[in-house]
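Geometric and topological summary
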Amino acid sequence: MESIQATKQRFGLIGDDPKLNRAIEKAIQVAPTDISVLVTGESGVGKESIPKIIHSLSHRKHGKYIAVNCGAIPEGTIDSELFGHEKGAFTGATQTRNGYFEVADGGTIFLDEVGELPLPTQVRLLRVLENGEFMKVGSSKVQKTNVRIVAATNIDIQESIKKEKFREDLYYRLSTVDIHLPPLRDRKGDIHLLFRKFASDFALKYKMPTIKLDDDAVKLLENHRWGGNIRQLRNIAEQISVLEQERVITAENLKEYLPDIGSNLPAVIADKKKEGDFSNEREILYKVLFDMKSDLNDLKSLTMKLMEHGNSEKVRNENESLINKIYGDEDDEDGESEELTAEKLEVLQIPQQSPKAAQKAESDKYYFAEEIEEEETLSLHDKELELIKKSLERHNGKRKAAAEELGISERTLYRKIKQYNL
Ligand SMILES: Nc1ncnc2c1ncn2[C@@H]1O[C@H](COP(=O)(O)OP(=O)(O)OP(=O)(O)O)[C@@H](O)[C@H]1O
Ligand SMILES: [Mg+2]
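Read on for an overview of the structure. All values derive from a computational prediction rather than experimental measurement. (Residues numbered from 1 in each chain as written. Chains lettered and ligands numbered in written order. Predicted model: local features only at pLDDT ≥ 70, side-chain atom pairs only at ≥ 80, totals over all residues. Heavy atoms only, no water.)

**Details of the pattern of salt bridges**
Our working rule: Basic side-chain nitrogens of Lys or Arg form a salt bridge, by our definition, when they fall within 4 Å of a carboxyl oxygen of Asp or Glu.
Across all of its chains, the model carries 16 salt bridges by this definition. Residues Glu-133 and Arg-127 are paired through a salt bridge, measuring 3.1 Å at the closest nitrogen-oxygen approach.

This is how it looks when you write it as structure tokens:
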């Protein structure tokens, strides 16, 4: 049996709290069986890694792994998504379609936010769980499937049962084994460990020195409530990594990033906090835009050279660093999907909206993008100026280091210094 430590390493899970270890141990123990598992815990505690552990340590590991977010599929289409439909079953059903339970035959289905399933779907699910039988929507033919089910919820299912929103028999069938992930505030010993890991990840991602908390900041971090758990901790580590100039973070600095801390303070401070949060998001967006602009400039300059001299070895050699900068580290952006391919897991992307709605969102997106460009050009320049100034200050006026941090060439930085009269 794979050890808890090895599993944590394989799935990038940080922490050594006994409650976390017990949850992982349970996942390892049930993996070789076909027992249904219900993963419970607050939002952001890491529930999504449990079904992946179970699948990849089971005899189904070469079969399909499909994650379905039950809360994101409209009530009208969920039965058809899960169980498929016959041609002509409803308006628009022009072809027979196989559902996830048929596609995942021999594999594992992860039903995330299972508490959101509508009652009629719960009845169908109960039947699959009991004898592996289901029927496509609009069909009377009983089909068989062999699927292992892992479900997760962050709501209190007992409460839903009381309100008759969730079937009690389904709950017992799903939760043959219950794996509970503790909230972050109940595993205080892991908080700083996780923060250090995220800080080092973001330092690498943004090519900046790693932030470090002083002793008081560590205390504050460990005693915070962490309503959004690990997801919130990660977001805050990212914000601080990008926005703080000083790399040693004090409790005072940290306080500004902890949203629920202001709630007991006078209104004036709470207001200021709100504004701060908003501007933080803007600053991150500006940084992203700035990075994109600098990539675009690099591409422009490379294209010019290619047009002048053609795709010759000379051009490639002379511009090696530029080419590496533009195309260099694209591959390791998305660690998670890489890990999944490595494990030969197959995760289907679950469509969350109809193609029509997606098309509309797409056209809206561009419309929105155009609007933004018009309005924000001026302040984007201000922001760019500010970022350059801050970076130069941080590096005592050293252009090379500042250019590196900003992700632009020294020449571009020099041009901008002239342009802004710095
Ligand atoms: N032990 C851990 N070590 C490192 N990162 C973790 C750990 N647990 C969770 N994470 C990270 O925290 C984030 C939230 O985890 P996840 O998406 O699994 O939460 P969840 O419990 O499914 O929340 P929700 O109920 O809101 O869907 C993810 O980015 C995940 O990679
Ligand atoms: Mg989740």
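**Section: a nonpolar patch on the surface**
Stated formally: Like charges within 9 Å and nonpolar side chains (Val, Leu, Ile, Met, Phe, Trp, Tyr) within 5 Å are joined into patches, using only residues over 30% in relative accessible area that form no salt bridge. Areas reported here follow the Shrake-Rupley algorithm with a probe of radius 1.4 Å; residue values treat only the protein chains shown as occluding. The secondary structure listing takes helices from DSSP runs of H or I that are at least 4 residues long and strands from runs of E that are at least 2 residues long, numbered from the N terminus.
Taken together, the side chains of Val-288, Leu-289 and Met-292 present a nonpolar region at the surface, about 260 Å² in accessible area. Note that Val-288 resides in helix 13 (residues 267–309).

**Here we look at the nonpolar core**
Generally speaking, a soluble globular protein has its nonpolar side chains buried in company with each other. To keep it simple, the criterion reads: The nonpolar core is taken to be a set of buried Ala, Val, Leu, Ile, Met, Phe, Trp, Tyr and Cys residues, with the residues joined through side-chain atoms within 4.5 Å. Burial status follows relative accessibility: with a 1.4 Å probe on protein chains alone, a residue under 20% of its type maximum counts as buried, one over 50% as exposed, and anything between as partly exposed. Contact definition: two residues touch when any of their heavy atoms are within 4.5 Å.
Of all hydrophobic cores here, the largest spans 29 residues; its most connected members are Leu-82, Phe-101, Ile-109 and Leu-111. Those elements that place two or more of their residues in this core are strand 2 (65–69), helix 4 (78–83), helix 5 (100–103), strand 5 (108–112), helix 6 (119–131), strand 8 (148–153), helix 7 (157–162) and helix 8 (168–174). Considering each element in turn, this core owes the most residues, 4 residues, to helix 6. If we skip the residues at most four places from it in the chain, Ile-109 touches Ile-66, Val-68, Tyr-100, Phe-101, Ala-104, Val-147, Arg-148, Ile-149 and Val-150.

**Some points on the site of ligand 1**
Keep this limit in mind: Residues are labelled near a given molecule or strand when at least one of their non-hydrogen atoms is within 4 Å of it. Whenever a nitrogen or oxygen atom comes within 3.5 Å of another N or O atom, the pair is scored as a polar contact, on the condition that within protein one atom can donate a hydrogen and the other can accept it, and that pairs from neighbouring residues in sequence are kept only if both atoms are in side chains. All residues other than Ala, Val, Leu, Ile, Met, Phe, Trp, Tyr, Cys, Pro, Asp, Glu, Lys and Arg, Gly among them, are scored as polar; the first ten of these are nonpolar and the last four charged.
In the neighbourhood of ligand 1, 15 residues make up the surrounding shell, with Ile-14, Ser-43, Gly-44, Lys-47 and Asn-154 lying closest. Val-45 places a main-chain nitrogen or oxygen 3.3 Å from an oxygen atom of ligand 1. Burial of ligand 1 by the protein amounts to 81% of the accessible area it has alone, namely 640 Å². A breakdown of the residues in the shell around ligand 1 according to their chemical character gives 6 nonpolar, 5 polar and 4 charged.

**Description of the packing of helix 9 (residues 188–205) against helix 11 (residues 229–243)**
Put simply, the rule reads: Only C-alpha atoms enter the line fits that serve as axes; for helices the fit covers just the stretch in contact. Angles between N-to-C directions range over 0 to 180 degrees. Just so you know how the angles are binned, under 35 degrees is roughly parallel, over 145 roughly antiparallel, 65 to 115 roughly perpendicular, and the rest oblique. Each crossing is labelled by how the near helix is turned from the far one, with a counterclockwise turn of less than a right angle marking it left-handed and a clockwise turn marking it right-handed.
Relative orientation of the contacting elements helix 9 and helix 11 amounts to 45 degrees, with a least axis distance of 9 Å. The orientation of helix 9 with respect to helix 11, classified from their angle, is oblique. Here helix 9 and helix 11 pass one another in a crossing that is right-handed. Seen from helix 9, the contacting residues are Ile-191, Leu-194, Phe-195, Phe-198, Ala-199, Phe-202 and Lys-205; seen from helix 11, they are Ile-230, Leu-233, Arg-234, Ala-237, Glu-238, Ile-240 and Ser-241. Here the residues of the contact of helix 9 with helix 11 are counted per class, giving 10 nonpolar, 1 polar and 3 charged.

**Focus: the pairing of strand 9 (residues 177–180)**
Quick reminder of the rule: One bridge is not enough; two strands pair if DSSP finds at least two bridges between them.
Covered by surrounding structure in strand 9 are Val-177 and Ile-179 only, the residues Asp-178 and His-180 on the alternate face being uncovered. The sheet contact formed by strand 1 (residues 37–40) and strand 9 spans 4 bridges and is parallel. Looking across to strand 9, one finds that Leu-38 is bridged to Asp-178.

**Some thoughts on helix 10 (residues 215–223)**
To be explicit about the condition: To obtain the arc, one takes the directions from the helix axis to the C-beta atoms.
Taken together, the buried positions of helix 10 are occupied by Ala-217, Val-218, Leu-220 and Leu-221. For helix 10, the angular spread of the buried residues around the axis is 165 degrees, confining them to a single face. Away from its buried face, by an angle of more than 90 degrees, helix 10 presents the exposed residues Asp-215, Lys-219 and Asn-223. The secondary structure elements touched by the buried residues of helix 10 are helix 9, strand 10 (212–213), helix 11, strand 11 (248–249) and helix 12 (251–255). With a side-chain oxygen lying 3.2 Å from the backbone nitrogen of Asp-216, the N-terminal cap of helix 10 falls on Asp-214.

**So, the packing of aromatic side chains**
Pairs of aromatic rings are described using the distance from one ring centre to the other and the angle between the two planes. Using the following cut-off: Two rings from Phe, Tyr or Trp (for Trp, the six-membered ring) form a pair when their centres sit within 6.5 Å of each other. Planes less than 30 degrees apart are called stacked, planes more than 60 degrees apart edge-to-face, and all others tilted.
For the structure shown, the criterion picks out 4 aromatic pairs. Ring geometry for Phe-83 and Phe-101: centres 5.1 Å apart, planes at 10 degrees, overall stacked. Of this pair, Phe-83 sits in helix 4 while Phe-101 is found in helix 5, placing the two residues 18 residues apart along the sequence. What makes Phe-101 buried here is its relative accessible area of 0%. An angle of 65 degrees between the planes, with centres 5.2 Å apart, marks the rings of Tyr-171 and Tyr-172 as edge-to-face. Linked through ring pairs, Phe-83, Phe-101 and Phe-134 together constitute an aromatic cluster.

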